[in-house]
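Summary of structural features
Residues per chain, in single letters:
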Amino acid sequence: LLPVGRAREELKSLARADLIVLTKVNLTSEENLQALKEFLRKYLTLHLTPDFVPEIAEAEYEISFPSENLNEKRFFAFSGLANPSSFRKSLEKFKVAEFLEFSDHHVYTEEDLKNIESRARRADCDRILTTEKDYLKIKELKHNSDYFEVVKLKISWRIPPAGLYAFLDKSFSQ
């Protein structure tokens, strides 16, 4: 539902929810997270479902690399995500010399990859980082496959939804 966008439902659609999952909670402050949870509870209680407030679960956004020993490497990173700031923020613990943002659903060209590789070399980077989504779009175009590193994005529960598994069991047993 959130953030709001073309493919999102309206906030009032929360009335149908049995569960609300907040993702990327590790990329915001605890204060912002608590404020959002309080807003959701108040909104649901006052406007939609005064007798029932859905469970709110929290999930963290993590990254992993297929290669080892990357802590000492210098990186150039790029992505064509709708919200590249979360990807960028997740890379903060690494040495990212430059981060290039493309629009969501960008169709990469040979020229884009030449520009990326050129900028990475000028910045003296050891590797170029991108997401799995972007890698799938460039794999047919790329020149130097050893220079690109795919970052895997992983979601893990911070506060797991207690009722989710019972709900799924009930739903699939019918």
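Please refer to the structure higher up on the page.
Residues numbered from 1 in each chain as written. Predicted model: local features only at pLDDT ≥ 70, side-chain atom pairs only at ≥ 80, totals over all residues. Heavy atoms only, no water.

Read from one edge to the other, the open sheet built from 6 strands follows the order β1-β2-β6-β5-β3-β4, with strand pairing classed as mixed. Looking along the sheet, the strands with just one partner apiece sit at the ends: β1 (19–22) and β4 (95–101). Each neighbouring strand pair of the sheet contributes to a mean axis angle of 30°, computed without reference to strand direction. Bridging between strand β5 (residues 127–131) and strand β6 (residues 148–159) involves 4 bridges; their strand directions are parallel. The partner of threonine 130 across the bridge, within β6, is valine 150. (Pairing = 2+ DSSP bridges. Helix = DSSP H or I, 4+ residues; strand = E, 2+ residues; numbered from the N terminus. Axes fitted to C-alpha atoms, helices over the stretch in contact; angles between N-to-C directions.)

This brings us to the environment of lysine 73. Mapped onto the secondary structure, lysine 73 falls in the loop between β2 (55–64) and β3 (74–79). Residue classification places lysine 73 among the partly exposed residues on the basis of a relative accessible area of 29%. The spacing of lysine 73 and valine 96 is 23 residues in sequence and 8.8 Å in space, taken between C-alpha atoms. (Buried < 20%, exposed > 50% of the residue type's maximum accessible area, 1.4 Å probe, protein only.)

Okay, the packing of aromatic side chains next. The final tally for this structure, using the stated rule, is 7 aromatic pairs. A centroid spacing of 6.2 Å and a plane angle of 85° characterise the contact between phenylalanine 78 and phenylalanine 102, whose relative ring orientation is edge-to-face. Here phenylalanine 78 is found in strand β3, whereas its partner phenylalanine 102 is found in the loop between β4 and α3 (110–122), with 24 residues between them in sequence. Residue phenylalanine 102 is classed as buried on the basis of its relative accessible area of 15%. A connected cluster of aromatic rings, assembled from ring pairs, spans Phe78, Phe102, Tyr108 and Phe148. The ring centre of tyrosine 147 lies 4.4 Å from the NZ or CZ of arginine 121, which sits over that ring. (Phe/Tyr/Trp six-rings, centres within 6.5 Å; stacked < 30°, edge-to-face > 60°. Lys NZ or Arg CZ within 6 Å of the ring centre and 35° of its normal.)

Once that is clear, we can look at the nonpolar core. Counting 14 residues, the largest nonpolar core has Phe76, Phe78, Ile116, Ile128 and Phe148 as the members making the most contacts within it. Those elements that place two or more of their residues in this core are β3 and α3. With 3 residues, α3 is the largest single contributor of residues to this core. When sequence neighbours within four positions are dropped, the list of residues in contact with phenylalanine 76 reads Glu98, Leu100, Ile116, Arg119, Ala120, Cys125, Arg127, Ile128 and Leu129. In this structure, Leu27, Tyr61, Ile63 and Leu129 belong to the second largest nonpolar core, which totals 12 residues. (Core = buried A, V, L, I, M, F, W, Y, C linked by side-chain atoms within 4.5 Å. Contact = heavy atoms within 4.5 Å.)

Any link to function would need more than the numbers given here.
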